[in-house]
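What follows is each chain in one-letter form.
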Amino acid sequence: MIEEVIMRQDIPLDDFLTIFVSSALVMVFGGFYVGIYTAVKVNLLKKWTMPLAYMFWMLTAYCLYLMGSLMHVGEFTAKALVVAAIGLLLLPHAVYFMQHRVHEENEH
Amino acid sequence: MASNHLTGIGSESKQLATWYFTFAAIIFGAQLLFGLVAAIQYVMPGFLFELLDFSVARMLHINALVVWMVFAMFGSVYWLLPDETGIETIGIKIGKLLYWVFVAAIVVVILVYLFIQVGPADETSIWFIHEGREYIEAPRWADFGIVVVALGFVANLWLTGFKGKNSGIVTVLMADMIAFAGLYLAGMFFTDNITVDQYWWWWVIHLWVEATWEVFVGAIAAYGLITMIGAHRKVVEMWLWIEVAMLFGSGILGIGHHYFWIGTPEYWWEIGALFSALEPLPLVAMFIHVLYDWGKTQGAQDATGQEVSVINNKPAFTWFVLNAFGNFLGAGIWGFFHTLPQVNLYTHGTQFTSAHGHLAFFGAYATILIGMMYIAVQGTNGIKIMKNTRASLWAVSLIVGGVMGMTIALTIAGYVQVLVSRAQMGATWAGYFDGQSGMWFAQAMDWRLFMGAITFLGFLFLVKDLLSTGKNPVHER
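Residues numbered from 1 in each chain as written. Chains lettered and ligands numbered in written order. Predicted model: local features only at pLDDT ≥ 70, side-chain atom pairs only at ≥ 80, totals over all residues. Heavy atoms only, no water.

**Points about the confidence of the model for chain B**
Note that predicted coordinates carrying low pLDDT should not be read in detail.
Phase 1: Taken residue by residue, chain B gives an average pLDDT of 90. The fraction at 70 or more is 97%.
Phase 2: Taking the mean pLDDT of every element in chain B, the minimum, 75, falls on helix α11 (residues 280-302) of chain B and the maximum, 97, on helix α17 (residues 439-468) of chain B. (pLDDT = per-residue confidence, 0-100. Helix = DSSP H or I, 4+ residues; strand = E, 2+ residues; numbered from the N terminus.)

Structure below.
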């Protein structure tokens, strides 16, 4: 029996740099989002800077989209990247909620 | 549970920890030295030809890396156990005996690598020379020795954990070190089929590094934050449990990002891609962990009206903060660069992997283990507040600058390889050589060597500082 051969679409030469830069920016912008969110919550930054945090999350999501499209990821991987983006959005909220409760319980 | 890490004098467990740290530092030096030899050989292929060939220098470089980190990990656990459990480590005499067994085995293995180098390629090689499995190339006799030592270490940890006060940090370590020791067995049996062999080999390498070692780092970071800045234990341990869940959750199935290279079924592409995409999340959580606890604790101190730093060990805390950043950068950014299978098809086995490896091992593990060495120096010398010295600042600057420089150089080299060797020439034999002969690749290798030398210089400052800072009058006692 001849098994099905799976062909992958090649990445054009010009797209490699954009892929590497955008994947690095996913993490850089994601780090800024989480960092600013955390810094505002512990009063290291003023509250008005919080929209900046969400702006960085939007940039993160855009870079994920760009990276995924240029890599020609499959349908499942595309969904996985959306889950990762939403996970990153929710992560500091969930962690801060728990942190806050624990701090309150311990009067710390 | 108050920490008494400043009173390390007199504790046999902490004394054993300092032995482990000392040998770890020696092997760390060996790792850098053989790395330099390998880097020179990239630039001057004839260097030490037939005396210490590239394959042997590279093998010593990466195996020394694993060994010094394992030694420093065992040392860290022996250091924190009395603080966390409130009692002296059980079975400490056996622990000391096993330490010498471990040291002797490592020394013999290194001598064999140096002077015998290559075996007859039959069972004798596997038993007495090396097994040829990258990162865990120890011959079979040493494998058994390592298992015995690891089991003795785990037994000491478990017996002490059960008898003493049971903190979250110790509980996490007890579970983690069982997995750490147990996984080693997956790399010990030999199969003739290279695919099956690689399948099990990844169990050791990936699950060690991206699951058990990362969880270990989480536990050590938690201990460090409690001892160095007085972070609240309940808060820190809550973080730890979140990180453990996320690390195991993403790290275990993230192993799929290696499977698609060894002929496993197609669905591993998708499993690998999904969990690889999730793997940076716990690293982000660890990054917040340090930032959050530091900010909160310093904020509480500032609220008292006194502008006093809450950090009682500046050099160690510097390395711990570098760990939070380095883990995020090396494992997170440089990992995410090339983990998704669609792009890994082009980057696998290029200098991209090497760039990621250098920064990830340094950022995620070396930093925090060096931090633990400074905590041990503070404890054994009874220092209340340990400050940065000129040597410690030189050490941290040169080592971090050197490793970052190597990483950038290797990234550029990797990019050239991706474009030339893989994308243009289709991963052919000719493409491999064309990728290596380009100007950008060659210059990147020159820079890698230069930055490696800078790193080694930083290591010399680190050794000087670790040996002398204990007696330095600059610290508050």
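Structure shown, so let's carry the discussion forward.
**Some thoughts on the confidence of the model for chain A**
Phase 1: Per-residue confidence for chain A averages 84 on the pLDDT scale, and 88% of its residues sit at or above 70.
Phase 2: Within chain A, the lowest mean pLDDT, 82, falls on helix α3 (residues 75-105) of chain A, and the highest, 94, falls on helix α2 (residues 50-71) of chain A.

**A closer look at the packing of helix α8 (residues 233-253) of chain B against helix α10 (residues 267-278) of chain B**
Residues and elements named next belong to chain B.
Phase 1: Direction vectors running N to C along α8 and α10 enclose 150°, while the axes themselves pass 7 Å from each other. Relative to α10, the element α8 lies roughly antiparallel. Note on packing geometry: the crossing formed by α8 with α10 is left-handed. The residues of α10 that touch α8, namely those facing Gly249, Ser250 and Leu253, are Trp268, Ile271, Gly272, Phe275 and Leu278. (Axes fitted to C-alpha atoms, helices over the stretch in contact; angles between N-to-C directions. Parallel < 35°, antiparallel > 145°, perpendicular 65-115°, else oblique. Left-handed = near helix turned anticlockwise from the far one by under 90°. Contact = heavy atoms within 4.5 Å.)

**Structural notes on the interface of chain A and chain B**
Interface size is often expressed as the accessible area that is lost when the parts come together.
Phase 1: Facing the 43 residues of chain A at the interface are 41 residues of chain B.
Phase 2: Of the roughly 4,000 Å² buried between chain A and chain B, counting both surfaces, carbon and sulfur atoms make up 79%.
Phase 3: At the surface where chain A touches chain B, the tally comes to 0 salt bridges.
Phase 4: In this assembly, chain A and chain B are joined by 3 residue pairs in polar contact (both at pLDDT 80 or more).
Phase 5: Broken down by secondary-structure element, the contributors of at least two residues to the side of chain A that touches chain B are α1 (15-41), α2 and α3 of chain A.
Phase 6: In terms of residue class, the side of chain A that touches chain B is made up of 28 nonpolar, 12 polar and 3 charged. (Buried area = accessible area lost by both parts, 1.4 Å probe. Salt bridge = Lys/Arg side-chain N within 4 Å of Asp/Glu carboxyl O. Polar contact = N/O pair within 3.5 Å; in protein donor to acceptor, adjacent residues only side chain to side chain. Nonpolar A, V, L, I, M, F, W, Y, C, P; charged D, E, K, R; others polar.)

**Concerning the domain arrangement of chain B**
All names here are of chain B.
Phase 1: Per the domain assignment, the segments of chain B are domain 1 (1-166) and domain 2 (220-476).
Phase 2: Relative to domain 2, the C-alpha centre of domain 1 lies at a distance of 20 Å.
Phase 3: The interface is formed by 32 residues belonging to domain 1 together with 34 residues belonging to domain 2.
Phase 4: For the domain 1 and domain 2 pair, buried surface summed over both sides reaches about 2,900 Å², with 78% attributable to carbon and sulfur atoms.
Phase 5: Our count for the contact surface shared by domain 1 and domain 2 stands at 1 salt bridge.
Phase 6: Between Arg233 and Glu84 there is a salt bridge, with its nearest N and O atoms 2.8 Å apart. (Domains from an automatic or database assignment.)

**Some thoughts on the UniProt feature "transmembrane region" (unreviewed entry) in chain A**
Residues and elements named next belong to chain A.
Phase 1: Mapped onto this numbering, the UniProt entry annotates "transmembrane region" (unreviewed entry) at residues 16-40, 52-74 and 80-98.
Phase 2: The span residues 52-74 carries 87% helix and 0% strand; its end-to-end C-alpha distance comes to 32 Å.
Phase 3: In this annotation, residues 80-98 is assigned 100% helix and 0% strand; the end-to-end C-alpha distance for the span is 26 Å. (UniProt positions renumbered as here; feature names shortened; annotations may be inferred.)

**Section: the packing of aromatic side chains**
Phase 1: Enumeration over the complete set of coordinates arrives at 54 aromatic pairs over all chains.
Phase 2: Taken together, a centroid distance of 6.4 Å and an interplanar angle of 40° make the contact between A:Tyr62 and A:Tyr65 tilted. Of this pair, A:Tyr62 and A:Tyr65 are both found in helix α2, 3 residues apart, which corresponds to roughly one turn of the helix.
Phase 3: When the ring centre of B:Trp127 is taken as origin, the NZ or CZ atom of B:Arg140, which lies over that ring, is 5.3 Å away. (Phe/Tyr/Trp six-rings, centres within 6.5 Å; stacked < 30°, edge-to-face > 60°. Lys NZ or Arg CZ within 6 Å of the ring centre and 35° of its normal.)

**What to know about unusual backbone geometry**
All names here are of chain B.
Phase 1: Backbone geometry at Ala121 places phi at a positive 65°, although glycine is not the residue there.
Phase 2: One can find Ala121 in the loop between α3 (92-115) and α4 (123-129).
Phase 3: You will see that Tyr135, though not glycine, has its phi angle at about 80°, which is positive.

**Section: the environment of B:Leu48**
Residues and elements named next belong to chain B.
Phase 1: Looking at where Leu48 falls in the secondary structure, it is placed in the loop between α1 (12-43) and α2 (54-85).
Phase 2: On a C-alpha basis, the gap between Leu48 and Ala38 in space is 9.9 Å, while along the polypeptide they are 10 residues apart.
Phase 3: Once residues within four sequence positions are removed from consideration, Leu48 is found in contact with Val37, Gln41 and Asp53.

**Things to note about the pattern of salt bridges**
Note that side chains of opposite charge can pair when their charged atoms are close.
All names here are of chain B.
Phase 1: Applying the stated criterion across every chain, the model contains 10 salt bridges over all chains.
Phase 2: For Lys96, the salt bridge goes to Glu12, with nearest N and O atoms at 3.0 Å. Of this pair, Lys96 sits in helix α3 while Glu12 is found in helix α1, placing the two residues 84 residues apart along the sequence.
Phase 3: Taking relative accessible area as the criterion, Lys96 reaches 14% and is therefore assigned buried.
Phase 4: When its relative accessible area of 28% is taken as the criterion, Glu12 is described as partly exposed.
Phase 5: For Asp83, the salt bridge is made with Lys14, and the minimal N-O distance between the two is 2.9 Å. Pair noted here: Asp83 is in helix α2 and Lys14 is in helix α1, with a separation of 69 residues, a long-range link. The same class applies to Asp83 and to Lys14, which are both buried.
Phase 6: Within the structure, one salt-bridge network assembled from shared partners comprises Glu131, Arg133, Arg140 and Asp197. (Buried < 20%, exposed > 50% of the residue type's maximum accessible area, 1.4 Å probe, protein only.)

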